[in-house]
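Below, each chain spelled out in residue letters.
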Amino acid sequence: MFAELSNYLDEQLDDSLCEELERHLDGCGPCQAFLASLQATINDCRRLPSQAPNRATASKLRKELLQQYESALSKTTG
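Residues numbered from 1 in each chain as written. Predicted model: local features only at pLDDT ≥ 70, side-chain atom pairs only at ≥ 80, totals over all residues. Heavy atoms only, no water.

1. Brief notes about the nonpolar core
Grouped together as the largest cluster of nonpolar side chains are eight residues: Leu5, Leu13, Cys18, Leu21, Leu25, Cys28, Cys31 and Leu35. Looking at this core, the elements with two or more residues in it are helix H2 (15-26) and helix H3 (29-47). Looking at this core, the element that brings in the most residues is H2, giving three residues. Residues in contact with Leu35, not counting those within four places in the same chain, are Leu5, Tyr8, Leu9 and Leu25. (Core = buried A, V, L, I, M, F, W, Y, C linked by side-chain atoms within 4.5 Å. Buried < 20%, exposed > 50% of the residue type's maximum accessible area, 1.4 Å probe, protein only. Helix = DSSP H or I, 4+ residues; strand = E, 2+ residues; numbered from the N terminus. Contact = heavy atoms within 4.5 Å.)

See below:
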């Protein structure tokens, strides 16, 4: 499901799958949180220079993103 959310943001889904995904998103808090986080990450990446971050920075960003996702997931599932 999460891979399809990325394709959804990139407008890479056919119309029927897009409609199915939108119906699912209407009732799924964790997917909505993930989608919002993914969109924010994509926007951040587009503003960054084209060079790759060093390993320590990449690791820190990855951990922060996962913590934010887990926090959002725990808030929606109780």
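2. Structural notes on the pattern of salt bridges
Here the structure, examined in full by the defined rule, presents one salt bridge. One salt bridge in this structure joins Asp44 and Arg47, with 2.3 Å as the shortest N-O distance. Remark: Arg47 and Asp44 occur in helix H3; sequence separation between them is three residues, near one turn of the helix. The exposure class assigned to Asp44 is partly exposed, which follows from its relative accessible area of 38%. (Salt bridge = Lys/Arg side-chain N within 4 Å of Asp/Glu carboxyl O.)

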